[in-house]
Amino acid sequence: MEKIEHTTISTNGINMHVASIGSGPVILFLHGFPDLWYSWRHQLLSFAALGYRAIAPDLRGYGDSDAPPSLESYTILHIVGDLVGLLNSLGVDRVFLVGHDWGAIVAWWLCMIRPDRVNALVNTSVAFNPRNPFVKPVDAFRALFGDDYYICRFQEPGEIEEDFAQMDTKKLINRFFTSRNPRPPCIPKTLGFRGLPDPPPLPAWLTEEDVSFYADKFNQKGFTGGLNYYRALNLSWEVTAPWAGLQIKVPVKFIVGDLDITYNIPGTKEYIHEGGLKKHVPFLQEVVVMEGVGHFLQQEKPDEVTDHIYGFFKKFSTL
C-alpha cells in the first residue's frame, strides 16, 4: 500500500485526490457510496503488477477531494466533467474503465457522453438503466418501495446525517459493507439506522484497519457529499434529457453478486439476462453473476474480480 502514490489534481473547479500506481495502459477505477479510492486497493496493486497504470480518485464529495456544499453541484454531468478534466490534467487520452455502485452509474454516463475517452468498460453492481422520460428516478423509487426506501430517506438534507451522527462510524461502515440481505433496504424514520441490529463480526475480507480507514475519512469529511449524489438524482434526470434514447457504444463486461440488493430489485434479473440491457448496451459482451457474493464484490472477492477485469481488458491490449 505504501507504494501507491497520492496526488491532488485541479479539475472542473474542485481539487480531486487521486491514488495511482504503475505504468502502462491506464485503468480508471470509480468507487461508490459509502466508499473511497480505498475500495480498489487490491486492484490497484494487482494491475500495477500486471503492467497497467491504475488510477482511483476520491470522487467529488468524498475523502480528500473537495466537497462543494450545494447539492446542485452533484449532478452526473458534474461528476463526468470532473473525470474528463482529470484525464486532461494527467495527459491521458483514453482509459480502460471500471465502476462500482455510484461509480458504475458515473461510468455508464462517461461512456454515454464521452465514448472517445474509453477503450472498454467493466462495470459492476449497477446495470445501465435508460432515462425514463415520464418519471423522475426518486419518484419511481418511492412508488416502487415507499417513503422508507433508503434512497428516499436520503433526500432531505441533514436528516440522515443526524441519524448517522448518533452511531459509531465504524459500526455504520461495518453495517453497510457486511450486509448480506438482498431485499430492498427500507429504514423507517422511527427506527433509523441507529435502531438496526448490530452488524455481525467482520468477515475475513474486511479488517479492523480497513474499517478504521473509512471511518477516519468519513469522520473528517462527513457523509453529505456522498448523499448529495442521491439528492441530485432528479436534477440529473432533468439535465440529461439531451441524451435520452442514446445507446452506450463501448465494449462492456458486467459483473454482479447474486446477493447484491441491486440484482434483486424486481425485474432486474430479467432485464439483464433477457435482452433488456443488451438493447441499450449493444456491445455488451459478457455478464458474470458471482454466486454467494454481496454488493462490495471487489473487496469481498478481490482476486476473482481482478481476473474478470484483466481477462476482458487484455482482449483490447492493442488499444
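Keep in mind that this is a model prediction, so the values were computed, not measured.

What counts and what doesn't
- Residues numbered from 1 in each chain as written.
- Predicted model: local features only at pLDDT ≥ 70, side-chain atom pairs only at ≥ 80, totals over all residues.
- Heavy atoms only, no water.
- UniProt positions renumbered as here; feature names shortened; annotations may be inferred.
- Helix = DSSP H or I, 4+ residues; strand = E, 2+ residues; numbered from the N terminus.
- Pairing = 2+ DSSP bridges.
- Axes fitted to C-alpha atoms, helices over the stretch in contact; angles between N-to-C directions.
- Contact = heavy atoms within 4.5 Å.
- Parallel < 35°, antiparallel > 145°, perpendicular 65-115°, else oblique.
- Left-handed = near helix turned anticlockwise from the far one by under 90°.
- Nonpolar A, V, L, I, M, F, W, Y, C, P; charged D, E, K, R; others polar.
- Phe/Tyr/Trp six-rings, centres within 6.5 Å; stacked < 30°, edge-to-face > 60°.
- Buried < 20%, exposed > 50% of the residue type's maximum accessible area, 1.4 Å probe, protein only.
- Lys NZ or Arg CZ within 6 Å of the ring centre and 35° of its normal.
- Disulfide = S-S within 2.5 Å.
- 1 Å grid on protein atoms, 1.4 Å probe; cavity = no way out; pocket = protein on both sides within 12 Å on 5 of 7 lines; lining within 4 Å.
- Points joined across faces, edges and corners; volume = space filled by probe spheres on them.

A. Molecular detail of the UniProt feature "domain: AB hydrolase-1" (unreviewed entry) in the protein. Here the UniProt-annotated "domain: AB hydrolase-1" (unreviewed entry) positions come out as residues 25-151. Secondary structure within residues 25-151 divides into 37% helix and 18% strand; the distance between the first and last C-alpha atoms comes to 36 Å.

B. The sheet that holds strand β1 (residues 5-11), seen in detail. If you walk across this open sheet you meet the 8 strands as β1-β2-β4-β3-β5-β6-β7-β8, and the pairing is mixed. At either margin of the open sheet sits one strand with a lone partner, and together these are β1 and β8 (284-290). Direction aside, neighbouring strands of the sheet carry axes that sit 20 degrees apart on average. The strands touched by helix α14 (residues 302-313) within the sheet are β3 (26-30), β5 (95-100), β6 (118-124), β7 (252-257) and β8, with β6 carrying the most contacts at an inclination of about 150 degrees.

C. Inspection of the packing of helix α1 (residues 41-49) against α14 at higher detail. Interhelical geometry of α1 versus α14 gives an angle of 50 degrees and a closest axis separation of 10 Å. Taken as axis vectors, α1 and α14 run oblique relative to one another. Judged by the sense of rotation from one axis to the other, the crossing of α1 with α14 is right-handed. Here α1 contributes His 42, Gln 43, Ser 46 and Phe 47 to the contact with α14, which in turn contributes Pro 302, Val 305, Thr 306, Ile 309 and Tyr 310. Residue composition of the contact of α1 with α14, by class: 5 nonpolar, 4 polar and no charged.

D. Layout of the packing of aromatic side chains. Evaluated as defined, the whole model comprises 38 aromatic pairs. Relative to Tyr 52, the ring of Phe 47 lies with its centre 5.6 Å away and its plane at 80 degrees, an arrangement referred to as edge-to-face. According to the relative accessible area criterion, Tyr 52 is buried, its value standing at 6%. Ring centres of Tyr 150 and Phe 154 lie 5.6 Å apart, and the angle between their planes is 85 degrees; on these two criteria the pair is classed as edge-to-face. Over the aromatic face of Trp 237 sits the side chain of Arg 131, whose NZ or CZ is 4.3 Å from the ring centroid.

E. Representation of the state of the cysteines within the structure. Counted according to the given criterion, the structure contains 0 disulfides. As a non-bridged cysteine, Cys 186 has Cys 152 as the owner of its nearest cysteine sulfur, 8.3 Å distant.

F. Seen up close, the packing of helix α7 (residues 169-178) against helix α8 (residues 208-221). It is the contact of α7 with α8, at a shortest axis distance of 9 Å, that shows an interaxial angle of 120 degrees. The orientation of α7 with respect to α8, classified from their angle, is oblique. For the element pair α7 and α8, the recorded crossing hand is right-handed. Judged by residue contacts, Thr 169, Lys 170, Ile 173 and Phe 177 of α7 engage Val 211, Ser 212, Tyr 214, Ala 215, Phe 218 and Asn 219 from α8.

G. Seen up close, empty space enclosed by the protein. Using the criterion set out here, one finds 2 cavities of 30 Å³ or more in the structure. Trp 109, Met 112, Phe 128, Asn 129, Pro 130, Arg 131, Trp 243, Ala 244, Gly 245, Leu 246 and His 280 together form the lining of the largest cavity. The residue makeup of the lining of the largest cavity, split by class, is 7 nonpolar, 3 polar and 1 charged. By volume, the second largest cavity is sized at about 30 Å³. Forming the boundary of the second largest cavity are Tyr 74, Thr 75, Ile 76, Ile 79, Trp 102, Val 106, Tyr 229 and Ser 236. Elements represented by at least two residues in the lining of the second largest cavity include exactly α2 (76-90) and α3 (102-113). Of the residues in the lining of the second largest cavity, the class split is 6 nonpolar, 2 polar and no charged.

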